[in-house]
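Here's the letter readout for the chains.
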Amino acid sequence: MERAGTLSVRPIEPADVERVAAFLARTMPAGPPARTWARAARAPWGTDQPNHGFLLEHGGDVVGANLAFYSERVLSTGAQRFCNLAALSVLPEHRASAVRLARALLAQPGHAFTDLSPSGQVVDIDRRLGFRPLDTTTAFGVNRPGGRAPRGVRVVTGADAIDGLLEDPRERQVLADHRDALAARHLLVVRGERQCYVLYRRDTRKRLRCFATLLHVSDPELYTDSRSAVDRVLLREGALVTLVELRVLGGRVPPGARLYAGRPKLVKGKDLPLDEVDDLYSELTCVPW
């Protein structure tokens, strides 16, 4: 444990989750309620979670918290443990101690680190701590009800329905690991023998909850060829606009989409292949907002 005066930094243990969730709900009013924070903080996949992040205490009260999600992924360089730095909130009077939470997380050996939804000054803090930016060039496309879907294409929604159809064992594992993740939604594009498993989340931008953000696309070519069929399904789900980073699509630009720089995402790790870092097993699949 690190101490500075009456402030202390320590791991978030399972017994701390409920009060940390209450703190996040109180200090991040644009986020979910406390009961949702508490559920979201407990990663649904099987990887051992050494903690749920780190908290800042003052006189026994939570005055800051930085959630974290842990996973083990197989990259071209071998097995790699990841720690995803997630929601960060610190009371204004203790804001100067926010960096201590990040340093406590980064002090854990044997991990690469991601920060996939940093905001405001957190981006600058991450850069000072040695994080590197990912290319987040994003395609922005309005979901249109018209247009002709490619012949023979069907789109299946819902984890249960997809589970009975999905053939690739790696994609089946992704589905199994995320079917109880609160922010994850699932659809499957089928055309003949080909399948494209899409994992996405609903997002709110400028107070409008009408965006679908694609986090995982198993067959980018089939997705881009079948986008009109996917558009209609997303519209039925209430998503007027689709956002997807080009790295998720293997560099492909969906027809009719416009590009913009995208929100910052950062990563820290020695000899880490940046093109293999993705949005799965992270806050983006677990925390709805």
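Criteria and cut-off values
- Residues numbered from 1 in each chain as written.
- Predicted model: local features only at pLDDT ≥ 70, side-chain atom pairs only at ≥ 80, totals over all residues.
- Heavy atoms only, no water.
- Helix = DSSP H or I, 4+ residues; strand = E, 2+ residues; numbered from the N terminus.
- Rg over C-alpha atoms; globule rule 2.2 N^0.38 Å.
- Buried < 20%, exposed > 50% of the residue type's maximum accessible area, 1.4 Å probe, protein only.
- Areas by Shrake-Rupley, 256 points an atom, 1.4 Å probe, with all protein chains shown as cover.
- Lys, Arg positive; Asp, Glu negative; His and termini not counted.
- Charge placed at Lys NZ, Arg CZ, Asp CG, Glu CD.
- Salt bridge = Lys/Arg side-chain N within 4 Å of Asp/Glu carboxyl O.
- Contact = heavy atoms within 4.5 Å.
- Pairing = 2+ DSSP bridges.
- Axes fitted to C-alpha atoms, helices over the stretch in contact; angles between N-to-C directions.
- Arc of directions from axis to C-beta.
- Core = buried A, V, L, I, M, F, W, Y, C linked by side-chain atoms within 4.5 Å.

Colleague: What's the story with the overall build of the protein in this structure? I'm lost.
Modeller: Across its full length, the protein carries nine helices and 15 strands. Its C-alpha atoms give the protein a radius of gyration of 20 Å, near enough to 19 Å, the size a compact globule of 289 residues would have. The principal-axis extent of the C-alpha atoms belonging to the protein is close to 70 × 40 × 35 Å. In the protein, which comprises 289 residues, the share counted as buried stands at 54%. About 13,700 Å² of surface is accessible on the protein, with carbon and sulfur atoms providing 50% of the total. In the protein, 41 positive and 34 negative side-chain charges are present, and the distance between their average locations comes to 6 Å.

Colleague: What am I meant to see in the side chain of Asp115 here?
Modeller: Counting through the fold element by element, Asp115 comes out in strand β6 (residues 112-115). Lys265 provides the closest opposite charge to the buried, salt-bridge-free Asp115, at an N-O distance of 10 Å. Setting aside anything within four residues of it in sequence, one finds Asp115 in contact with Asn84, Leu85, Val122, Asp126, Phe131, Lys265 and Leu266.

Colleague: Just to check I follow, could you spell out the pattern of salt bridges for this structure?
Modeller: On inspection of all chains with the given rule, the structure shows 19 salt bridges. A salt bridge links Asp16 to Arg19, with the shortest nitrogen-to-oxygen separation between them at 3.8 Å. On the basis of relative accessibility, which here comes to 7%, the residue Asp16 falls in the buried class. Between Asp279 and Arg247 there is a salt bridge; the shortest N-O distance is 3.0 Å. A residue pair is termed long-range when its members are at least 10 positions apart, and Asp279 in the loop between β15 (266-268) and α9 (283-286) and Arg247 in the loop between β13 (241-245) and β14 (258-260) qualify at 32 residues.

Colleague: When you look at the sheet that holds strand β10 (residues 185-191) in this model, what are you seeing that I'm missing?
Modeller: Where strands meet in a sheet, backbone hydrogen bonds hold them as pairs that are either parallel or antiparallel. The sheet built from seven strands is open, its strands ordered β9-β10-β11-β12-β13-β8-β14 with mixed pairing. Because the sheet does not close on itself, it has two edges, and the strands there are β9 (153-157) and β14. Going from strand to strand, the sheet's axes swing by 30° on average, the running direction of each strand aside. Here five bridges tie β9 to β10, and the two strands are oriented antiparallel to one another. The residue of β10 that forms the bridge with Thr157 is Leu187. Here helix α8 (residues 227-236) sits on the sheet and contacts β8 (138-142), β9, β10, β11 (194-205), β12 (208-217) and β13; the angle it forms with β9, its principal contact strand, is near 35°.

Colleague: Would you mind showing me how to read the side chain of Thr213 here?
Modeller: As for its placement among the helices and strands, Thr213 is situated in strand β12. Discounting residues that sit within four places of it in the chain, Thr213 has contacts with Tyr200, Arg201, Asp203 and Leu243.

Colleague: How do you make sense of unusual backbone geometry when you look at a structure like this?
Modeller: A negative phi angle characterises most non-glycine residues, just as the trans form characterises most peptide bonds. Positive phi, normally seen in glycine, also occurs at Lys206, with a value near 50°. Within the fold, Lys206 resides in the loop between β11 and β12.

Colleague: Explain helix α4 (residues 121-128) to me, please; I cannot follow it from the model alone.
Modeller: Residue pairs three or four apart in sequence face the same way in an α-helix, which turns once every 3.6 residues. All of the buried residues in α4 are Val122, Val123, Ile125 and Asp126. Buried residues of α4, seen end-on, are gathered within an arc of 160° and therefore sit on one face of the element. Those residues of α4 that are exposed and aimed more than 90 degrees away from the buried face are Gln121 and Arg128. Tucked into the core, α4 has its buried residues touching β5 (78-90), α3 (98-106), β6 and β15. Gly130 sits one or two residues past α4 and shows a positive phi near 95°.

Colleague: Sorry, what's going on with the environment of Gly141 here?
Modeller: Locating Gly141 in the fold gives a position in strand β8. With relative accessibility at 3%, the residue Gly141 sits in the buried group. Separated by 90 residues in the primary sequence, Gly141 and Asp231 place their C-alpha atoms 9.2 Å from one another.

Colleague: Got a minute to help me understand the nonpolar core in this structure?
Modeller: Across soluble globular proteins, nonpolar side chains have a tendency to be buried as a group. In this structure, Leu67 and Tyr197 are the most contacted members of the largest nonpolar core, which totals 45 residues. Beyond its immediate chain neighbours, meaning those up to four positions away, Leu67 contacts Ile12, Val20, Leu24, Trp37, Ala41, His52, Gly53, Asn84, Leu85, Ala86 and Ala87. Listed in part, the 23 residues of the second largest apolar core include Cys196, Tyr200, Tyr223 and Leu246.

These results come straight from atomic positions and should not be treated as a statement about function.
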